[in-house]
Amino acid sequence: MALLALCLAGFVIQLDVTIVNVALPTIQHELQAAPNALEWIISGYALGLAALIPMMGALGDRLGHRPVLLVGLVVFGLCSAGAALAPSPTALVGARVGQGIGGAAILALTLAVLTDTNPPEQRGHAIGWWAAIGGIGFGAGPIVGGLLLSAFGWSTIFWVNLPIIVVTVVLILLTVPRAVATSEPRPLDVPGVVLTSVGLASVTFGLITATDIPWDPARTLVPLVVGGLVLLAFVQWQRHASDPLVPRAVRSNTAFIGACVIYFTSYMAFSGTLYYVTLMFQNLLGWSALHTGLSWLLMNAPFLVAAQMTGKLNQRFTSRAIVTTGCAAGALGVAALSTLTPTTPFVVAGIGYLVAGVGFGLLVPGTTHVAMRDVSGPVAGAASAVLNSSRQLGTAVGLALVGAIGAAVTQHTWAASRFGHTRSASGSIATGNLWKVPSHMQTTARNAFTVGYHVALGICIASLLVAVLLSLACAQTTDGTH
């Protein structure tokens, strides 16, 4: 029951990453929301998550993992109700930021509580289920959102969180042992908290903006540079602080650092792939969000099976073998998806989904197990926070970098075509949205987008191959049994 509670917490956080997307047209119509407000209904949640995960991990290590997790769940639930009742776009964006703040505590501490409640020999099995159910939440968002919107109003996509939160809180209160602060709780590294929160918020803001205004100096490059400098200052501070936000035991753990980098590169590939595959199906081929979400079942089902099997696999194979196989399978699946064109039979995409689902189902819990297996309880919150921050940054970089490069290639291909002088629709072509493109230009526009799509997914393949090499390299510096 304790494991179920932690899985539900991970599920509801991932569900809210994707469920809101399908409701944006309805929200825009009913709340009279401007396009930039719609962007921040999505981005405000991601910003709150990314910026505060390290702080929540540090608070959990100081005050207790269980109480801080419960507070995060309550905040997330209350802000979900606030979002459902929002009378204006501004109120809705504020509620989404609040959801992100509560979600930061949930993401930072579910793994820490899982570490507290499971002995090392059982963590692989528990992490497998945690990763599987969380992944299902991400894939279920468009399906659940589409079904709710077909029968009810847009507010139901937020109300649906409340029963999940209530059940989760009750289960944690009943089944997770009362967590107390350690006998010698770590002092809170206030400068470290401020530096990492400001740095992550600035970098995330720049990356979010880059997906809509590619590398605009004022709104993209400045936040990225400022955030990068602040994070460099944070790294220097951590080297000299007497009680750093990221404990030395975590920073000196080679396997943990390697797992964080693999998490970053694999989620960069995962987010970039889903972004472009969604553009291909919804914008270029005209699928509905529900139709696209249902197609993800071909990836979700093998993801669930592979992820929950990693606990047993860890008893028979090394972590290096599991993670490396997962990264390689993910690369093969993305390679199959990268061959898609507007005329490719869906069976090719189905094969890509299946293989990628198995790959990510192995690498996500496998990498998490490597990261958390040697982490002790007093620093589990900080370790979990760093690991999840690497995932959030990987997701943001994947959307921004892969999206920007794919768009640039598409626009360059369009500019080199015989219709290249017609620039009015070039921006929509970059995202596969061709409704503004005259019929006699449609074929050329589709070809231009397809070229950008292939380059973008090629970057995702390369990112997963880098993860393969990292997995092999990191394993050489750690105990061969792991």
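What counts and what doesn't
- Residue numbers here run from 1 along each chain, matching the order of that chain's written sequence.
- Two thresholds apply to this predicted model, a pLDDT of at least 70 for residue-level local features and 80 or more for giving and counting side-chain atom pairs, whereas whole-chain, interface and lining totals are computed over all residues.
- Side-chain metrics rest on all non-hydrogen atoms present in the structure, leaving aside hydrogens and water.
- The secondary structure listing takes helices from DSSP runs of H or I that are at least 4 residues long and strands from runs of E that are at least 2 residues long, numbered from the N terminus.
- Residues are treated as being in contact if the distance between any of their heavy atoms lies within 4.5 Å.
- Reported accessibility uses the Shrake-Rupley method at a 1.4 Å probe radius. Residues are deemed covered only where the shown protein chains occlude them.
- In this tally Asp and Glu are treated as negative and Lys and Arg as positive; neither His nor the chain ends contributes.
- One atom stands in for each charge, and that atom is NZ of Lys, CZ of Arg, CG of Asp or CD of Glu.
- Under the rule applied, a polar contact is a pair of N or O atoms within 3.5 Å (in protein, one hydrogen donor and one hydrogen acceptor; residues adjacent in sequence only if both atoms are side-chain atoms).
- Here, a salt bridge means any Lys or Arg side-chain nitrogen found within 4 Å of an Asp or Glu carboxyl oxygen.
- Only protein chains enter the area calculation, which uses a 1.4 Å probe; residues under 20% of their type maximum are buried, those over 50% are exposed, and those in between are partly exposed.
- Think of each axis as a best-fit line through the C-alpha atoms, taken over the contacting stretch in the case of a helix, with angles from 0 to 180 degrees between the N-to-C directions.
- For this classification, under 35 degrees means roughly parallel, over 145 means roughly antiparallel, 65 to 115 means roughly perpendicular, and everything else is oblique.
- Definitions for this section: a left-handed crossing has its near helix turned counterclockwise from the far helix by less than a right angle. A right-handed crossing has that turn clockwise.
- Helix span, as expected, comes to 1.5 Å for every residue beyond the first.
- In this context, the arc is that of the directions from the helix axis out to the C-beta atoms.
- As used here, the term nonpolar core means buried Ala, Val, Leu, Ile, Met, Phe, Trp, Tyr and Cys residues forming a set that is joined through side-chain atoms within 4.5 Å.
- The patches described consist of residues with a relative accessible area above 30% and no salt bridge, like charges being joined within 9 Å and nonpolar side chains (Val, Leu, Ile, Met, Phe, Trp, Tyr) within 5 Å.
- Per residue, pLDDT captures the predictor's confidence, and it can take any value from 0 to 100.
- The aromatic pairing rule takes the rings of Phe, Tyr and Trp, using the six-membered ring of Trp, and pairs them if the centres are within 6.5 Å, calling planes under 30 degrees apart stacked, those over 60 edge-to-face and the rest tilted.
- In what follows, a disulfide is any cysteine sulfur pair within 2.5 Å.

**Section: the overall build of the protein**
At step 1: A tally of regular secondary structure across the protein gives 19 helices and zero strands.
At step 2: Expressed as a percentage of contacts within the protein between residues at least 6 apart in sequence, the contacts between residues at least 24 apart total 82%.
At step 3: Total accessible area on the protein is roughly 18800 Å²; 69% of this is exposed by carbon and sulfur atoms.
At step 4: Averaging the positions of the 19 positive and the 13 negative side-chain charges in the protein gives two centres separated by 7 Å.

**As for the side chain of Thr-273**
At step 1: Relative to the helices and strands, Thr-273 is located in helix α12 (residues 254–284).
At step 2: Side-chain polar atoms of Thr-273 contact the backbone oxygen of Ala-269, separated by 2.7 Å.
At step 3: Residues contacting Thr-273, with those up to four places away along its chain left out, are Val-334, Leu-337, Leu-457 and Cys-460.

**Description of the pattern of salt bridges**
At step 1: Under the defined criterion, the tally for this structure stands at one salt bridge.
At step 2: Notably, a salt bridge pairs Arg-96 with Asp-16, separated by 3.2 Å at the nearest N-O pair. One end of the pair, Arg-96, is in helix α5 (residues 89–117); the other, Asp-16, is in helix α1 (residues 2–18), with 80 residues separating them in the sequence.
At step 3: For Arg-96, a relative accessible area of 0% gives the class buried.

**Notes on the packing of α5 against helix α6 (residues 120–151)**
At step 1: Two numbers describe how α5 lies on α6: the axes approach to 10 Å, and their chain directions differ by 150°. When the interaxial angle is binned, α5 and α6 end up roughly antiparallel. Considering how the two elements wind past one another, α5 and α6 form a crossing that is right-handed. Two secondary-structure elements touch here, α5 through Thr-110, Leu-111, Leu-114 and Thr-115 and α6 through Arg-123, Ala-126, Ile-127 and Trp-130.

**Some remarks on helix α8 (residues 161–175)**
At step 1: End to end, α8 covers 21 Å across 15 residues, agreeing with the expected 21 Å (1.5 Å per residue, within 8%).
At step 2: All buried positions along α8 are accounted for by Asn-161, Ile-164, Ile-165, Thr-168, Val-169, Leu-171 and Ile-172. The arc enclosing the buried residues of α8, seen along the axis, measures out at 165°, which places them on a common side. Opposite the buried face of α8, by more than 90 degrees, sit the exposed residues Val-166 and Leu-174.
At step 3: Those residues of α8 that are buried are in contact with α1, α4 (65–84), α5 and α7 (156–159).

**Points about the nonpolar core**
At step 1: Grouped together as the largest cluster of nonpolar side chains are 138 residues, with contacts concentrated most on Leu-73, Leu-92 and Tyr-453.
At step 2: Sort the elements by how many residues they give to this core and α12 lands first, with 17 residues.
At step 3: Other than its neighbours up to four places away in sequence, Leu-92 contacts Ile-27, Leu-31, Ile-41, Ala-83, Ala-86, Trp-154 and Phe-158.

**Re a nonpolar patch on the surface**
At step 1: Together, Val-166, Val-170, Leu-173 and Leu-174 make up an exposed nonpolar region whose accessible area comes to about 390 Å².
At step 2: For Val-170, the location among the structural elements is in helix α8.

**Observations concerning the confidence of the model for the protein**
At step 1: Per-chain confidence: the protein averages 83 in pLDDT, with 93% of residues scoring 70 or above.
At step 2: Across residues 477–482, confidence stays below pLDDT 50; counting only partners more than four residues off in sequence or on other chains, it has nine contacts.

**Observations concerning the packing of α12 against helix α15 (residues 319–338)**
At step 1: Contact geometry for α12 and α15: axes closest at 11 Å, N-to-C directions at 20°. One way to sum up the angle between α12 and α15 is to call them roughly parallel. Where α12 crosses over α15, the two elements pack in a sense that is left-handed. Contact with α12, carried on its side by Ile-262, Thr-273 and Val-277, involves Val-323, Cys-327, Val-334 and Leu-337 of α15 and no other residues of that element.

**As for the packing of aromatic side chains**
At step 1: On inspection of all chains with the given rule, the structure shows 13 aromatic pairs.
At step 2: Here the aromatic rings of Trp-154 and Phe-158 are separated by 6.2 Å at their centres, their planes lie at 85°, and the arrangement is edge-to-face.
At step 3: Under the relative-accessibility criterion, Trp-154 is labelled buried at 6%.
At step 4: An aromatic cluster is present here, built from Tyr-263, Tyr-267, Phe-270 and Phe-360 joined pairwise through their rings.

**Thoughts on α1**
At step 1: The terminal C-alpha atoms of α1 lie 26 Å apart, and with 17 residues this matches the ideal 24 Å at 1.5 Å per residue to within 8%.
At step 2: For α1, the tally of buried residues reaches 14 of 17 residues, placing the bulk of the element in the interior.

**Considering the environment of Thr-395**
At step 1: As for its position among the elements, Thr-395 is in helix α17 (residues 380–415).
At step 2: A relative accessible area of 24% places Thr-395 in the partly exposed class.
At step 3: Leaving out residues up to four positions away in the same chain, Thr-395 has contacts with Tyr-267, Met-268 and Ser-271.

**Re the state of the cysteines**
At step 1: For the structure shown, the criterion picks out zero disulfides.
At step 2: Counting only cysteine sulfurs, Cys-327 is the nearest neighbor of Cys-460, a cysteine outside any disulfide, at a range of 14 Å.
At step 3: We classify Cys-460 as buried; its relative accessible area is 1%.

**Quick look at the environment of Val-160**
At step 1: By the element assignment, Val-160 lies in the loop between α7 and α8.
At step 2: Taking the relative accessible area as the measure of exposure, Val-160 reaches 23% and is therefore partly exposed.
At step 3: As a C-alpha pair, Val-160 and Ser-428 span 268 residues in sequence and 33 Å in three-dimensional space.

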